[in-house]
Amino acid sequence: MIGSLSHHSGRSALALGAFYLLLATPIARDWLEASMSRHMLVQMPLLVVIGIIAARLVPVRVQDSLLIRFGGAWPCVIAAMFASSYWMLPRALDAALTDPWAEVAKFITLPFLVGFPLVLAWRRLTLIGRGFVWTNFFSMLAVLGWLYIVAPVRVCNSYLVNDQENAGWYMVIASVLLFFWWLGTLLVGGGVGPDKPDQGGSGGTFA
Amino acid sequence: MSLAKRSVLISALVISLGTWVFWWGTDGFTAFTAETARRVEILRSPRALPDVTLEDQNGKNFHLKDYQGKLLAVDFIFTRCTTLCRSMGMIFKQIRDLIPEESLGRDFALLSISFDPEHDDPANLKKYGEAYGADGNIWRIARVQDKAELQSLLDAFGIIVIPDQFGGFEHNTALHLVGRDGRLRLISDIDKAVPFAEQVVALL
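The rules we used
- Residues numbered from 1 in each chain as written.
- Chains lettered and ligands numbered in written order.
- Predicted model: local features only at pLDDT ≥ 70, side-chain atom pairs only at ≥ 80, totals over all residues.
- Heavy atoms only, no water.
- Axes fitted to C-alpha atoms, helices over the stretch in contact; angles between N-to-C directions.
- Helix = DSSP H or I, 4+ residues; strand = E, 2+ residues; numbered from the N terminus.
- Parallel < 35°, antiparallel > 145°, perpendicular 65-115°, else oblique.
- Contact = heavy atoms within 4.5 Å.
- Nonpolar A, V, L, I, M, F, W, Y, C, P; charged D, E, K, R; others polar.
- Buried area = accessible area lost by both parts, 1.4 Å probe.
- Salt bridge = Lys/Arg side-chain N within 4 Å of Asp/Glu carboxyl O.
- Polar contact = N/O pair within 3.5 Å; in protein donor to acceptor, adjacent residues only side chain to side chain.
- 1 Å grid on protein atoms, 1.4 Å probe; cavity = no way out; pocket = protein on both sides within 12 Å on 5 of 7 lines; lining within 4 Å.
- Points joined across faces, edges and corners; volume = space filled by probe spheres on them.
- Domains from an automatic or database assignment.

Enquirer: What is the right way to look at the packing of helix α5 (residues 73-86) of chain A against helix α1 (residues 3-25) of chain B in this model?
Expert: The angle between the axes and the distance between the axes are what describe a pair of packed helices. One way to put it is that α5(A) packs onto α1(B) with a least axis distance of 8 Å and a crossing angle of 10 degrees. Put simply, α5(A) runs roughly parallel to α1(B). Where α5(A) abuts α1(B), its residues W74(A), P75(A), I78(A), A79(A), F82(A), S85(A) and Y86(A) lie against S7(B), I10(B), S11(B), V14(B), I15(B), G18(B), T19(B), V21(B), F22(B), W24(B) and G25(B). Residues belonging to the contact of α5(A) with α1(B) are distributed by class as follows: 12 nonpolar, six polar and no charged.

Enquirer: Looking at this structure, how should I read the interface of chain A and chain B?
Expert: One frequently used descriptor of interface size is the decrease in accessible area upon assembly of the parts. Listed as interface residues are 26 residues of chain A and, on the opposing side, 29 residues of chain B. The junction of chain A with chain B conceals about 2300 Å² of combined surface from both sides, 65% of it contributed by carbon and sulfur atoms. Broken down residue by residue, the surface that chain A buries against chain B is led by F82(A), R91(A) and N157(A), which jointly contribute 31%. Here chain A and chain B share two salt bridges between them. Applying the counting rule to chain A against chain B returns 10 residue pairs in polar contact (both at pLDDT 80 or more). For the side of chain A that touches chain B, the secondary-structure elements that each account for two or more residues are α4 (60-69), α5, α6 (90-98) and α9 (161-189) of chain A. Split into classes, the residues belonging to the side of chain A that touches chain B amount to 16 nonpolar, six polar and four charged.

Enquirer: In this structure, what is going on with the layout of surface pockets? I would like to understand it.
Expert: One water molecule sets the probe size; rolling that probe over the atoms shows where empty space is left. Within this model, the largest pocket holds a volume of roughly 1200 Å³. Where the lining of the largest pocket is concerned, the elements lending two or more residues are α5, α6 and α7 (100-122) of chain A together with α1, α2 (34-44) and α5 (147-157) of chain B. When its residues are assigned to classes, the lining of the largest pocket shows 24 nonpolar, seven polar and nine charged. Residue-level mapping places the lining of the largest pocket at the junction of two domains, with at least three residues from each of domain 1 (3-30) and domain 2 (42-203) of chain B. Size it by volume and the second largest pocket reaches roughly 980 Å³. Lining of the second largest pocket is provided by 35 residues; of these, V48(A), I52(A), L118(A), W134(A) and F137(A) occupy positions nearest its centre. At the level of elements, α3 (36-57), α4, α5, α7, α8 (127-150) and α9 of chain A are the ones that each hand at least two residues to the lining of the second largest pocket. Here the lining of the second largest pocket takes eight residues from α3(A), the largest share from any one element. Tallied by class, residues from the lining of the second largest pocket come to 28 nonpolar, four polar and three charged.

Following this line, the structure appears as structure tokens:
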């Protein structure tokens, strides 16, 4: 049983790694980064998702010991908030296109400082803690989207100004849709989002 | 150490590190866009420019280095542009008219550089120049024909040109001042023509 389970997760890890490498290929990068909307709303979320899936492939026991090593849920959540908001800066977007080191930093930090630590922290977060993370994310997305729509100047030198406006609208729409989806889970499913609390059955709270 | 204590300690560490990264990445919370960053950096350390070969509206070849010893105002254009570059022409004309006449050409010159050399041959450059009274001496309209040289010049200035969906270009537009030492020393907004001219006059 355990053997087949690890075999299965081994295959998933391999597929995940392959997908990660695929995103890093020049062709995929050129296409995904050619428009501001694809860059911010497809490539960057996919990188975060890679981190999320990677963390879920880690056995729950190891996740817990990693979480303890990192000092519990809060440092993980804070790191994720800093890293995700950094990549929302227009300057960081431009840098990812013009400076190879910034691009490398983006590919490393979005999975491993946003997706991965969020999963580690998630099971330990209370309903209010999760609500804080979600609403913080929605409002950041909506405010930034609105800024992009009304900005009188082009904020990214690498993107057309109407691309910036489109990205702004997509961000506002995404934040509204996500908010209602989250509200729905709050009313029906307990506000936990995609994941049930303590799904590993390991109960209790740290810190 | 208890986990709660560790949690607080590591959180504080993450917050300080995160704040430092933001501080470092935005030049002390001043430059949130690449355009502002470019301007801040130039002010802090004026940047050397490659000595490219240009061709002006009279078909005359010259080098960027030929301007050393003079203050030089530079802008980037393409003559098919129907929006910003039109106002750029007016703005450069305004700047020229704000500089004392005896300094024009002797201590101060203007240069509009086209990044669309395929279309902007001397004839088109001349047409653009005549629309704003660029005389080809005090104010030259020029193109860089060599692709690699043009790119190195755009890189040094921090200009990013991207094609738009109408067959034209979008690019970051600004007023640039090159010092007597041939280094780029000031970048300002195009609606700051008067302060820009005042800066030039102060340096004359």
